Each structure stands twice: as C-alpha cells, then as structure tokens.
Amino acid sequence: MTRSCDVDAVDEDDLIVELSTLVDETAPPAPDTVDVAGSGSFRAAERRVRAFFQESFASAVTVTVGGRPVGVVTRRMLWAAEGTAAEPGTGERLEPLGDSTRYRLLVFACRPCGLTAHRMHHDTRDLPRCAHGRMELRR
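1. Some thoughts on the packing of aromatic side chains
In step 1: Inspection of every chain in the model, using the stated rule, returns one aromatic pair.
In step 2: The interplanar angle of 70° and the centroid separation of 5.3 Å between the aromatic rings of Phe52 and Phe53 together place this pair among those described as edge-to-face. Of the two residues, Phe52 and Phe53, both sit in the buried class.

In structure tokens:
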C-alpha cells in the first residue's frame, strides 16, 4: 500500500545527511534529544524539531534518527535555514534550467559505507555528512 505523502520519502541514511545541514558544529552537547525516526522526509523531520523548540525553552537539541546521532541543532541554525533547505527550488538547492557550462554537479562520498551526496556548491563549513562523519569530495 503506497501513501500519497510518501512521494518525498527518504531512507534514514539520506535523512541523516539532509538533517546535517541544520547541525550547529560550534554548539556544545545538548541535554535534550529529539528522535525523528519514521518522519519519512526532511520536511517532516524538520517540523518535529521545530515543534520541540515551540514547546521548550531550550536553545539546542540533539537530533537522532532511530537512535543514530545527527548532531546538535540550535534555534539559531534552525531559523537561519528557514526557506532554504526545507523547500525545493529555493536557496542553494536551486537547479539550473537546461545544461550550463558554468555549473558542475559535485559528488561527495563516504569511504566506509559508499553513501553519496550531490551539491552544487562547495562550502568547507557545511560539507555533507553521514553516520561516519563528513564526506569527501569526489569530483
């Protein structure tokens, strides 16, 4: 049985990588934890993290997917990401129309597990991550 809301569904490994865009690398460990397993999509997982902040005075939370840590998300990083990574076609994830000689798709990969991620930009402060850590640029 397929549900119509599964169109944007991602597996847990991909969800960890996508959620890592919300992680504040400079934040200290957070005592509170939100597990977003079963969210099915980045948007749904992000909504669960936002709901935590709406119900709590905490400034940061540790986000996990099925008990696997993603990292610490702060209010500041979550609000800064609003309208970019959460919505397709906005921010740095905008896809160019047609072929362009000015753009090149960058491929990042994890050596231990082989998971790959694609980006149109390279920012050393915000490299794709998986459960093994930051991914390496392949091309």
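2. A word on the nonpolar core
In step 1: Grouped together as the largest cluster of nonpolar side chains are 20 residues, with contacts concentrated most on Leu19, Val36, Val49, Val61, Val63 and Val73.
In step 2: The set of elements that each furnish at least two residues to this core consists of helix 1 (12–19), helix 2 (42–55), strand 2 (60–65) and strand 3 (68–74).
In step 3: The biggest single contributor to this core is helix 2, with five residues.
In step 4: Look past the residues within four positions of Val49 in its chain and what remains in contact with it is Val36, Val61, Val63, Val73 and Leu78.
In step 5: One finds Leu106, Phe108, Leu127 and Met135 within the second-largest nonpolar core, a separate group that totals nine residues.

3. Section: the sheet that holds strand 8 (residues 136–137)
In step 1: Pairing within the open sheet is antiparallel, and its three strands lie in the order 5-4-8. The outermost strands of the open sheet, each flanked by one partner alone, are strand 5 (116–119) and strand 8.
In step 2: Strand direction decides the pairing type here: strand 4 (residues 106–109) and strand 8, joined by two bridges, are antiparallel. Paired with Phe108 across the bridge in strand 8 is Leu137.

Scoring rules and cut-offs
- Throughout this description, residue numbers start from 1 for each chain and increase along the sequence as written.
- Where totals are concerned, whole chains, interfaces and linings use all residues; where local detail is concerned, this predicted model gives features only for residues with pLDDT of at least 70, and gives and counts side-chain atom pairs only at 80 or more.
- For side-chain calculations, the full set of non-hydrogen atoms in the structure is used, while hydrogens and water are omitted.
- Any two rings among Phe, Tyr and Trp, with Trp reduced to its six-membered ring, count as a pair given centres within 6.5 Å; such a pair is stacked if its planes are under 30 degrees apart, edge-to-face if over 60, and tilted if neither.
- Relative accessibility under 20% of the residue-type maximum defines a buried residue, over 50% an exposed one, and the middle range a partly exposed one, all with a 1.4 Å probe and only protein chains included.
- Buried Ala, Val, Leu, Ile, Met, Phe, Trp, Tyr and Cys residues form a nonpolar core when they are joined through side-chain atoms within 4.5 Å.
- Going along the chain from the N terminus, every DSSP run of H or I of four or more residues is numbered as a helix, and every run of E of two or more is numbered as a strand.
- When checking whether two residues touch, look at their non-hydrogen atoms; a contact exists if any pair is within 4.5 Å.
- Here, a strand pair is defined by DSSP locating no fewer than two bridges between the strands.

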